[in-house]
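# Per-entry structural report
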Amino acid sequence: MPESTPESVPESESESESVPASDQLPALYGGITNRRVRIRDLQLAKDQGERWAMLTSYDMLTAGIFEAAGIPVLLVGDSAGNNVLGYATTVPVTVDELLPMVRAVVRSTTRPLVVADLPFGSYQGSPEQALSTAVRFVKEGGAQAVKLEGGTRVAAQVELLVSAGVPVMGHVGLTPQSELVTGLRVQGRGEAADALLDDALALEAAGAFSVVLEAVPADLAERVTKELTIPTIGIGAGVGCDAQVLVWTDMAGLTPGAPLTFVKQYADLRGILTEATRAFSDEVRQGRFPGPEHSFS
Ligand code: KIV
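Residues numbered from 1 in each chain as written. Predicted model: local features only at pLDDT ≥ 70, side-chain atom pairs only at ≥ 80, totals over all residues.

### A few points about unusual backbone geometry
Each neighbour pair has its own omega, and for F289 with P290 the value is 0°, a cis peptide bond. Inspection of the secondary structure puts P290 in the segment after α12 (269-285). (Helix = DSSP H or I, 4+ residues; strand = E, 2+ residues; numbered from the N terminus.)

Structure below.
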């Protein structure tokens, strides 16, 4: 779609003065194809009631596919721990392990906003520690934003990062890096609801541009979404959020075992890949691959 269309031209003079016409196009899926999505586009989407989807990505090939499919935000999540690196949880993941993945996703895309997850232990110590980690992801990785887990307890970190020029995505509810303390269970039920809302509000006040709500009752997520002016991104948090995120291997059916309750599998990549692998192996054993068309004379 072209960058500017007659329908996109703002009607009032004051509107056109305050926001460039290109940014008043349908914010995410509609018209912006020649630059990366910015945090301002995500805010516009919330303001205009436009929902959007985020996916994790850890490599060049999936990043390219997700960009082509119109995903506006890619998260190089520490879920790489249990989806790429072979760990049982996200806890062991290090900055040095995530950085090459961030670089690959940034290098192989031009449009989505790329968010780098700050791994466990790389930001909780102090705002200064968070800043030096975030700067690595921005300068060495090329990320356009970072994500960290926690609410009020990391508000000082968020404030310093934002004041230094690093956009921050927050993450409350189930925060897998704290699973040794909280377990992996739904958060914010009953009396814990107000504290979760306070955490989200603390992140907004500290300058976060969005907040992930993970494994939170749907009515609470809707309440948080209404109270916050910045976008909420749900995962196991119902349809009332501004955006939704899934781990791509869950979404595409590559993850083994039964899917978690909040996961919808949109494909059976595990089945497809298993079939293809078996067919290749069989044809090699039977002498049917390579055929003449795959051979040089
Ligand atoms: O690391 C990750 O993939 C995440 C998402 C589940 C939000 O934090």
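### Digging into the packing of helix α9 (residues 192-206) against helix α10 (residues 218-227)
For the pair α9 and α10, the least separation of the axes is 10 Å and the interaxial angle reads 35°. Viewed along their axes, α9 and α10 form a crossing whose handedness is right-handed. Every residue of α10 that contacts α9 at A193, L196, L197, A200 and L201 is listed here: L220, R223, V224 and E227. Along the lines of polarity and charge, the residues of the contact of α9 with α10 split into 7 nonpolar, no polar and 2 charged. (Axes fitted to C-alpha atoms, helices over the stretch in contact; angles between N-to-C directions. Left-handed = near helix turned anticlockwise from the far one by under 90°. Contact = placed C-beta atoms within 7 Å. Nonpolar A, V, L, I, M, F, W, Y, C, P; charged D, E, K, R; others polar.)

### Here's the deal with the pairing of strand β5 (residues 168-173)
Of all 6 residues in β5, 6 are buried, a share of seventy percent or more. Residue alternation in β5 divides its side chains into two sets, V168, G170 and V172 and M169, H171 and G173, and both sets are buried. Pairing geometry for strand β4 (residues 145-147) and β5, over 2 bridges, is parallel. Residue pairing in the sheet places K147 in a bridge with M169 of β5. (Buried ≥ 20, exposed ≤ 12 C-beta atoms within 10 Å, placed from the backbone. Pairing = 2+ DSSP bridges.)

### Notes on the site of the ligand
Every residue close to the ligand is listed here: T56, L75, G77, D78, S79, D117, H171, V212, I235, V245 and V247. Its residues assigned to classes, the shell around the ligand shows 5 nonpolar, 4 polar and 2 charged. (Near = placed C-beta within 6 Å.)

### Some remarks on the environment of Q244
With respect to the element layout, Q244 can be found in strand β8 (residues 243-246). Sequence separation between Q244 and A53 is 191 residues, and the spatial gap between their C-alpha atoms is 5.1 Å.

### Remarks on the packing of helix α7 (residues 155-164) against α9
Where α7 contacts α9, the two axes come as close as 8 Å, and the packing angle between them is 25°. When the axes of α7 and α9 are compared, the pair comes out roughly parallel. The two elements α7 and α9 cross, and the hand of that crossing is right-handed. For the pair formed by α7 and α9, the contact residues are A155, V158, E159 and V162 on the first element and A202, L203 and A206 on the second. Classifying every residue of the contact of α7 with α9 by side-chain character gives 6 nonpolar, no polar and 1 charged. (Parallel < 35°, antiparallel > 145°, perpendicular 65-115°, else oblique.)

### Concerning α10
For an α-helix, the turn length of 3.6 residues means that residues three or four places apart are oriented alike. Buried within α10 we find L220, A221, V224 and T225. End-on view of α10: buried residues confined to an arc of 140°, all on one side of the axis. Exposed residues pointing more than 90 degrees away from the buried face of α10 are listed as D219, K226 and E227. Of the surrounding elements, those touching the buried residues of α10 are α9, β6 (210-214) and β7 (232-235). (Arc of directions from axis to C-beta.)

### A word on the sheet that holds β6
Strand order in the closed barrel formed by 8 strands is β1-β2-β3-β4-β5-β6-β7-β8, and the pairing between neighbours is parallel. The sheet shows a mean angle of 25° between the axes of neighbouring strands, direction not considered. The pairing of β6 with β7 spans 4 bridges and is classified as parallel. Among the inter-strand pairings, L213 is bridged to a residue of β7, identified as G234.

### Points about the pairing of β6
With 5 of its 5 residues buried, β6 lies for the most part within the structure. Residues S210, V212 and E214 line one face of β6 and the alternating positions V211 and L213 line the opposite face, and both faces are buried. Pairing analysis gives 5 bridges linking β5 to β6, with the strands arranged parallel. What sits directly across from G173, in β6, is E214. The parallel pair β6 and β7, bridged by α10, forms a crossover whose chirality is right-handed. (Right-handed = clockwise from strand over helix to strand, strands pointing away.)

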